[in-house]
Amino acid sequence: AQSVAQPEDQVNVAEGNPLTVKCTYSVSGNPYLFWYVQYPNRGLQFLLKYITGDNLVKGSYGFEAEFNKSQTSFHLKKPSALVSDSALYFCAVSSDYGQNFVFGPGTRLSVLP
Amino acid sequence: DAGITQSPRHKVTETGTPVTLRCHQTENHRYMYWYRQDPGHGLRLIHYSYGVKDTDKGEVSDGYSVSRSKTEDFLLTLESATSSQTSVYFCAISEWGGETQYFGPGTRLLVL
């Protein structure tokens, strides 16, 4: 069965510092990995995805994520955090078996001025 | 929100009454999904559809039914609402199962 873990409920980072939001997964077949962001009282917004190819994926708003097959991880990163990045972040996985998404529990990111 | 609307956006109802939530898309995507989001539980899949009249259950389908008579519309019905169904409901669409899902703005449902 597919599963996604986001080991940190909350991540705090100072504005201007690099940020990392962690995600590990378990899936049958080749993984398709996604990151979404949710601002208060809004739906989830797609940030980026890994299907195949370069392990470093770049997405919206300056975010990037690195796929690491041996560690089954897909951590979200940004070189310099903004206060406006404060939100709830979800990692999700599906696979080339065409299985539905499984979402992680979410990580709340707080960027402090 | 990728051409996805949900109606109503907010609803207050009483226990035991039927409730129908509507998701409408203008993207002509084949797959449509209903999720609920609750504190401490993240997003949980209720039902999904892989084509007109083709639907299947998700992990929390008890107490919910769905219908899809047109590509663009996916309805979620609570036959007899209970307080445990108080939640925020999100619709999502994708071109095929496993590909990027795009989410609607959500419906906040309160069952008294």
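Here the structure is a predicted model, which means the values were calculated and not measured.

On to the overall build of chain B. From N to C terminus, chain B includes 0 helices and 11 strands. Taking 112 residues into account, the globule formula puts the C-alpha radius of gyration at 13 Å, and chain B, at 13 Å, falls close to it. Considered along the principal axes of its C-alpha atoms, chain B spans approximately 35 × 25 × 25 Å. The buried share among the 112 residues of chain B stands at 51%. Across chain B, the fraction of contacts at a sequence separation of at least 24, relative to all contacts at a separation of at least 6, is 55%. Of the roughly 5,100 Å² that chain B leaves accessible, carbon and sulfur atoms contribute 48%. Taking the average place of the 11 positive charges on the side chains of chain B and the average place of its 13 negative ones, the gap between the two points comes to 4 Å.

All names here are of chain A. A complete count under the given rule lists 20 aromatic pairs over all chains for this structure. Centre to centre, the rings of Y25 and F67 are 6.4 Å apart; their planes meet at 25°, and the pair counts as stacked. Of the two residues, Y25 sits in strand 4 (residues 24-26) while F67 sits in strand 8 (residues 64-68), which places them 42 residues apart along the sequence. Grouping residues by exposure puts Y25 and F67 together as buried.

Rules used in this analysis
All residue numbers here refer to positions counted from 1 along the written sequence of the relevant chain. Chains and ligands are labelled by the order in which they are written, letters from A for the one and numbers from 1 for the other. In keeping with the model being predicted, local features are shown solely for residues with a pLDDT of at least 70 and side-chain atom pairs are shown and tallied solely at 80 or more, while totals for entire chains, interfaces and linings include all residues. Processing note: side-chain calculations cover all non-hydrogen atoms of the structure and skip hydrogens and water entirely. Put simply, DSSP H or I for four residues or longer makes a helix, DSSP E for two residues or longer makes a strand, and each gets a number counted from the N terminus. With C-alpha atoms as the basis for the radius of gyration, the globule rule is written as 2.2 Å multiplied by the number of residues raised to the power 0.38. Only protein chains enter the accessibility calculation, which uses a 1.4 Å probe; a residue whose area is less than 20% of its type maximum is buried, one above 50% is exposed, and one in between is partly exposed. Working rule for contacts: check all heavy atoms of both residues, and any pair within 4.5 Å makes them a contact. In short, Shrake-Rupley with a 1.4 Å probe defines the accessible areas, and a residue's cover is counted only from the protein chains shown. Just so you know, the count uses Lys and Arg for positive and Asp and Glu for negative, and it drops His and the chain ends. By convention, charge coordinates are those of NZ in Lys, CZ in Arg, CG in Asp, or CD in Glu. For Phe, Tyr and Trp, where Trp contributes only its six-membered ring, two rings pair if their centres lie within 6.5 Å, and the inter-plane angle classes them as stacked under 30 degrees, edge-to-face over 60, or tilted in between.

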